[in-house]
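This is what each chain is made of:
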Amino acid sequence: MPDKQGFVAASSRNLATTELNFLFELSADMLCIAGFDGYFKLLNPAWEKNLGYTRKELLSKPFVEFVHPDDRQATNDTAAFLAMGNEIHHFENRYRTKDGNYRWLAWTASVQKSQERIFASARDVTDLKVREDEYLLQIAALEAADNAILITNTAGIIEWVNPAFEKLTGYRPSEVVGESTRVLKSGRQNASVYKQLWQTINAGKVWSGDLVNQRKNGETYIEHMTITPVPNAQGEITHYVAIKQDVTAKILTTSKLKRAYEETENLLSSISLILIGIDQQDNITRWNAAAEQALGLAADDVLGKKLGSVNIQWNWTDVLAHIGACQNSKKMATWDDIRYKTRDGADGLLSVTINPVRYKRPASHGFILLAQDITAQRLLEGQLAQAQKLESVGQLAAGIAHEINTPIQFISDNIHFLKDAFDDLIAESAGQASAAADGHFSGNNSMEYSPVTGQAEDDDQLEFLRSEVPLAFESSFDGLQRVAAIIDAVRDFSHPGSKTQTLSNINDALAKTITVSTNKWKYVADVVTDFDPDLPLVNCFPGEINQVFLNIIVNAVDAISDVQGQNPGEKGKITISTRKNGANVKIGIRDTGSGIPESVQSDIFNPFFTTKEIGKGTGQGLSISHRVVVEMHGGTIRFETEKGKGTQFILEFPIAGLAETYAG
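This one's a predicted model, so the numbers in the text were calculated from it and none came from an experiment.

Let's shift gears to the nonpolar core. Counting 39 residues, the largest nonpolar core has Ile506, Phe549, Ile587, Phe649 and Leu651 as the members making the most contacts within it. Every element with two or more residues in this core is listed here: helix H16 (506–516), strand E18 (538–540), helix H18 (542–566), strand E19 (572–581), strand E20 (584–591), helix H19 (621–632), strand E21 (636–642) and strand E22 (646–654). Of the residues forming this core, the biggest block, 8 residues, is contributed by H18. The next biggest cluster of nonpolar side chains, apart from the first, holds 27 residues, and it includes Ile284, Leu307, Ile338 and Ala371.

Below you can see the structure in the form of structure tokens.
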């Protein structure tokens, strides 16, 4: 009969074995037995569930082949450590799953050296590792943040601060952790702000605002702080996270910018120039008081509207063309004499400058249009040009009078001669009539001439008259034509210029200028002309063109006079030529004067600049000439000069002209 106690013991062992097997099979942890030879000997089903391999696949290869390459050495070292009979060991490594991914496993292992077996359990901690990595990343981010960050409990006791907190406040973490946030109070903040702050965060809402706080060294600063409540799983607030940023400099800069903005606004509002701001979409962004005054449109009525849709009474063709050119070139552009209607309906002229404006944000790019009413300036310039023209004629008046006096003198002499001759003829006719009455004529009522004493002398006198009288008439006619030409030339210079361009003969204009200035140059220089006989007519303002020619010729005479002072008795030479040059007419006026010194060449066309002695020049001649050629006619004027050898002024005018009218 079997031993009853032995049976009971055996039954207990069988039950225990069954329970252990049951526990082994159902465990969520990955249980295994491995040999010192590096192979798994026994695996529970959790391995198949977690890694996707069958137990047969796992048992068929050394377990290290399933380990991540970076973890294999550490795994082998741990297995060797256990094989030496060391106690339970904990470690982590990564095992490859059947789909090629890796899972983190946390191991607990022990060894039975006599059986050369390692008993181990592994738990998949991949999700935990991910959360741990995320946590470490978050901590690293908080540690590295430029903004100061602190965490407090609900009573405002500081539990954690990042390194930026010390930089902001001067307090080390050890000095504030466990302390109340009151340590930062400056005493300069209104209590109502704190009351509103606590009401907001206690209600579970985020609070954000500026506070005046105090650093460890007693220095006050302005910080922008955002406080976020942190609830637990039950929704109860357990902590507050505060993010702090020093905005002292920003606040001060903003204040300065605000003052600068106000000052700029006041300045822009007070300037007399019309100022219009326009964005990339051609919308009006600025319209100052001067624009309101000059154009008669209120800012409220135009701001935000397209420039082209606003009823500005000006020459839109010119304005839009120049705006387009400025937008394409991205460069500042200036042009004058844009016609417009003032708010009173009067005609006016504007000088307009467009300046591209580029901001940090490309969408904000645009341009500023500045305009100035130059109507009065143009009127003054016109009056000045006319005065300068009359001044030039006045300076030449004595010479003109002399030029007229010479032909007048020989016309007078011829008239006296003709009168005397006429008196002699009358007397001779009277003598013949008396002789006839005394019977000196006879025979059959015929009028036959009867010689008398002195007949030969009368014949000589008659022959003299026949030869001299026609010459006297011819000379008188030439003199009258000369006088008429001089008067005609003077009239062109003294009469105000036309406001409308007309087709003009440049050769004729130069010839008249030479005539008017004859007495100025004839004792100083010889004038040589080289005119193109086929020169086309030019659409221009002839009065202004004549003035330009006169200014340059007079300057040439003065330059030659300077040379004559050094070489008395030697006359200079002024050469005037005309040519067609493409779409332009080109005029050259060359002198053999002293040349223009290099030191003043850049100032030649500046208003009121002159190299002449006081009283001998106003400095307006070449300045006005430049405006006439360039601004009024769209031409060019330049000079070539060589010291001691002379100067040539070269002018070019568009044959077609620049504009139909000019209101200067």
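That was the structure; now back to the text.
Residue position: Thr578 is located in strand E19. What makes Thr578 buried here is its relative accessible area of 0%. Polar contacts involving the side chain of Thr578 include one to the main-chain amide nitrogen of Asp532, which spans 2.9 Å.

On to unusual backbone geometry, then. Positive phi outside glycine occurs at Glu116, with the angle close to 55°. Structurally, the position occupied by Glu116 is in the loop between strand E4 (102–112) and strand E5 (117–124).

With that settled, consider the packing of aromatic side chains. Aromatic ring pairs are reported here in terms of the distance separating the ring centres and the angle at which the planes meet. Under the definition given, this model contains 11 aromatic pairs. A centroid spacing of 5.5 Å and a plane angle of 45° characterise the contact between Phe40 and Phe63, whose relative ring orientation is tilted. Taken together, the positions of Phe40 in strand E2 (residues 40–43) and Phe63 in the loop between helix H3 (55–59) and helix H4 (72–83) put the pair 23 residues apart, joining distant regions of the chain. Look at Phe40 and you get buried, because its relative accessible area is 4%. Its relative accessible area of 10% is what places Phe63 among the buried residues. Measuring from ring centre to ring centre gives 6.1 Å for Phe605 and Phe639, while their planes differ by 50°; the resulting arrangement is tilted. Of this pair, Phe605 sits in the loop between E20 and H19 while Phe639 sits in strand E21, and the two are 34 residues apart along the sequence. Phe639 shares its class with Phe605; the two are buried. Three or more aromatic residues joined by ring pairs form one cluster here, namely Phe40, Trp47, Phe63, Phe91, Tyr95 and Trp107.

A separate point is the confidence of the model for the chain. Interpretation of this model should avoid reading the predicted coordinates in detail wherever pLDDT is low. Mean pLDDT over the chain: 78, with 72% of residues reaching 70 or higher. Across residues 614–618 the pLDDT falls below 50, and counting only partners more than four positions away or on other chains, this stretch makes 4 contacts in the model. Here residues 660–664 is a poorly scored stretch, pLDDT under 50, and it has 20 contacts once near neighbours within four places are set aside; other chains count.

Turning our attention to the sheet that holds strand E1 (residues 30–35). Spatial strand order, E2-E1-E5-E4-E3: 5 strands in an open sheet with antiparallel pairing. Only two strands of the sheet have a single partner each, and these edge strands are E2 and strand E3 (89–96). Going across the sheet, the axis of each strand differs from the next one's by a mean of 30°, ignoring polarity. With 8 bridges joining them, E4 and E5 adopt antiparallel strand pairing.

Taking 1.5 Å as the rise per residue, H4 with 12 residues should run 16 Å; its terminal C-alpha atoms sit 16 Å apart, in good agreement. Here H4 has its buried residues at Thr75, Thr78, Ala79 and Leu82. Along H4, the residues classed as buried sweep out an arc of 100° about the axis, all on the same side. Positioned one or two residues after H4, Gly85 has a phi angle of 90°, which is positive.

Ordered in space as E7-E6-E10-E9-E8, the 5 strands form an open sheet in which the pairing is antiparallel. Strands at the two margins of the open sheet, each flanked by one partner only, are strand E7 (158–161) and strand E8 (207–214). Taken over all neighbouring pairs, the strand axes of this sheet differ in orientation by 30° on average, direction set aside. Against the sheet, helix H8 (residues 191–202) makes contact with E8, strand E9 (220–231) and strand E10 (237–246), and its axis sits at roughly 140° relative to E8, the strand it touches most.

A few words now on the pairing of strand E14 (residues 347–357). Most of E14 sits out of view: 8 of its 11 residues are buried. If you look at the hairpin formed by strand E13 (residues 333–341) and E14, you'll find 5 residues sitting between the two strands, and Gly345 has a positive phi there, around 90°. The pairing of E14 with strand E15 (residues 366–373) spans 8 bridges and is classified as antiparallel. Looking at E15, one finds that Val352 is bridged to Ala371.

This next bit is on the environment of Ile251. By the element assignment, Ile251 lies in helix H9 (residues 248–270). The partly exposed category is assigned to Ile251, whose relative accessible area is 33%. With 29 residues separating them along the chain, Ile251 and Ile222 place their C-alpha atoms 8.0 Å apart.

The terminal C-alpha atoms of helix H12 (residues 316–329), which comprises 14 residues, lie 20 Å apart, in line with the 20 Å expected from a rise of 1.5 Å per residue. Listed in full, the buried residues belonging to H12 are Val319, Ile323 and Cys326. Along the axis of H12, the buried residues cluster in a sector spanning 65°; they form a single face. Turned more than 90 degrees away from the buried face of H12, the exposed residues are Thr317 and Asn328. Turning to H12, the residues buried within the fold contact E13, E14 and E15. Lys330 sits one or two residues past H12 and shows a positive phi near 60°.

Conventions adopted
Residues numbered from 1 in each chain as written. Predicted model: local features only at pLDDT ≥ 70, side-chain atom pairs only at ≥ 80, totals over all residues. Heavy atoms only, no water. Core = buried A, V, L, I, M, F, W, Y, C linked by side-chain atoms within 4.5 Å. Buried < 20%, exposed > 50% of the residue type's maximum accessible area, 1.4 Å probe, protein only. Helix = DSSP H or I, 4+ residues; strand = E, 2+ residues; numbered from the N terminus. Polar contact = N/O pair within 3.5 Å; in protein donor to acceptor, adjacent residues only side chain to side chain. Phe/Tyr/Trp six-rings, centres within 6.5 Å; stacked < 30°, edge-to-face > 60°. pLDDT = per-residue confidence, 0-100. Contact = heavy atoms within 4.5 Å. Pairing = 2+ DSSP bridges. Axes fitted to C-alpha atoms, helices over the stretch in contact; angles between N-to-C directions. Expected span 1.5 Å × (residues − 1). Arc of directions from axis to C-beta.

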